[in-house]
Amino acid sequence: MIRVSVIGAQGRMGASVVGAVEAADDMELAKKIGMDDDIAAVTPGNTDVAVEFTVPTASLANVLKLVAQGVNVVVGTTGWTDEKMAQVKAALAKAPKAGQSVFIAPNFAISAVLADKFAAQAAKYFTSAEVIELHHPDKVDAPSGTAIHTAQAIAKARADAGSAPMPDGTQGEAASRGQVVDGVHVHAVRLQGLNAHEEVLLGNTGEQLVIRADSFDRASFMPGVLLAVRNIASGSHPGLTVGLDSFLDL
Ligand code: NAP
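Residues numbered from 1 in each chain as written. Predicted model: local features only at pLDDT ≥ 70, side-chain atom pairs only at ≥ 80, totals over all residues. Heavy atoms only, no water.

Some words on the sheet that holds strand β6 (residues 128-135)
Phase 1: Reading across the sheet, the five strands line up as β7-β8-β6-β9-β10 and stay open at both edges, with mixed pairing between neighbours. Single-partner strands in this sheet number two, and they are β7 (179-181) and β10 (207-215). Strand-to-strand, the axes of this sheet are offset by a mean angle of 20°, without reference to chain direction.
Phase 2: Direction of pairing for β6 relative to strand β8 (residues 184-190): parallel, over a ladder of six bridges. (Pairing = 2+ DSSP bridges. Helix = DSSP H or I, 4+ residues; strand = E, 2+ residues; numbered from the N terminus. Axes fitted to C-alpha atoms, helices over the stretch in contact; angles between N-to-C directions.)

Written out as structure tokens, the structure is:
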């Protein structure tokens, strides 16, 4: 049995993880840590993997404490920068246990990770590519981090293939052409009733390919979280790993 503790256990994602761990045959719930609990209670004596879903302002400190306590961590909280990840790497280099792991996934939805990958694979075969992300109106950032990542992946694939710049005859003030990420236009829709959705449009003369990922519910993230917990518990990924595609046979 993999012993899993959940940090941010009273939050929306944390509560879903608690339920998913309790429902998994190969896992047992160790500690549930909320705002008022001491994270020092999570130790290698009771936990194989801690899953962290809190807030961007708290996540780094939580991860550093867990690493120093000898605990492996799977992180879903957003807001990670290269500088924060460098701090995690430095902490892992001094970690008390050999082979300790931290895994960070900007997106645990398998549909979103695959859409990203497929868009990058398809990009070099098309003249044009644009990304549209659609979310619930409470989302604070726009465009989403996932959409920016998709655009960067498309741009890199096109650059590697030597693709020509995309045709765009827009002139003057082009306020409705979205944010341009490495030359790829990214559009953000905020609409009541939506959850998290992304569409990649790829166009050639006379044809279009649309790749779309829809996350209707937080349940969509749980298979990815459990996949990460299993991989991290197995010890196969010591150090810092970023992105669920690391565990998918793509
Ligand atoms: P949420 O409902 O606001 O939950 C956050 C929880 O963390 C709250 O219960 C909060 O407690 C608690 N918390 C804050 N600081 C803490 C600390 N220092 N120690 C322990 N608990 C602490 O938010 P959510 O919807 O679950 O989202 C959590 C994070 O996951 C966000 O960053 C979100 O963007 C991200 N997310 C990632 C994915 C992915 O696929 N990677 C998917 C969905 C969401 P209080 O309420 O008492 O402050």
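Picking up where we left off.
Here we look at the pattern of salt bridges
Phase 1: Evaluation of the coordinates by the stated rule reveals nine salt bridges.
Phase 2: Residue R230 is joined to D26 by a salt bridge in which the shortest nitrogen-to-oxygen separation is 2.6 Å. With a gap of 204 residues between them, R230 in helix α6 (residues 222-233) and D26 in the loop between α1 (12-23) and β2 (27-33) connect regions that are remote in the sequence.
Phase 3: Its relative accessible area of 36% is what places R230 among the partly exposed residues.
Phase 4: The closest approach of N and O atoms between R190 and E133, which form a salt bridge, is 2.7 Å. Here R190 is found in strand β8, whereas its partner E133 is found in strand β6, with 57 residues between them in sequence.
Phase 5: Here the salt bridges do not stand alone but share partners, grouping E130, D168 and R177 into one network. (Salt bridge = Lys/Arg side-chain N within 4 Å of Asp/Glu carboxyl O. Buried < 20%, exposed > 50% of the residue type's maximum accessible area, 1.4 Å probe, protein only.)

A word on the side chain of S59
Phase 1: As for its placement among the helices and strands, S59 is situated in helix α2 (residues 56-68).
Phase 2: For S59, a relative accessible area of 1% corresponds to the buried category.
Phase 3: Apart from residues no more than four positions distant in its own chain, S59 is found in contact with E52, T54, V75, T77 and W80. (Contact = heavy atoms within 4.5 Å.)

Some points on the sheet that holds strand β1 (residues 2-7)
Phase 1: In space, the six strands of this open sheet follow the order β2-β1-β3-β4-β5-β11, with parallel pairing throughout. Among the strands making up the open sheet, the edge pair consists of β2 and β11 (239-242). Each neighbouring strand pair of the sheet contributes to a mean axis angle of 20°, computed without reference to strand direction.
Phase 2: Contacts between α6 and the sheet are confined to β1, β2, β3 (49-52), β4 (72-75) and β5 (101-104), with β3 contributing the most and set at about 145° to the helix.

A closer look at the environment of L64
Phase 1: Within the secondary structure, L64 sits in helix α2.
Phase 2: Taking the relative accessible area as the measure of exposure, L64 reaches 26% and is therefore partly exposed.
Phase 3: Expressed as a C-alpha distance, the spacing of L64 and A151, which sit 87 residues apart in the sequence, is 31 Å.
Phase 4: Beyond its immediate chain neighbours, meaning those up to four positions away, L64 contacts Q87, V88 and A91.

A look at the nonpolar core
Phase 1: Judged by nonpolar contacts, the single largest core of 30 residues is most densely connected at V17, M27, V51, V74, F103, F108 and V229.
Phase 2: Taken together, the elements giving at least two residues each to this core come down to β1, α1, β3, α4 (110-123) and α6.
Phase 3: Here this core gets six residues from one element, more than from any other, and that element is α6.
Phase 4: The contacts of M27, once residues within four sequence positions are left out, are M1, I2, V4, V21, L226, V229 and R230.
Phase 5: Among the nonpolar cores identified, the runner-up in size contains 20 residues, and L60, L66, V88 and A95 belong to it. (Core = buried A, V, L, I, M, F, W, Y, C linked by side-chain atoms within 4.5 Å.)

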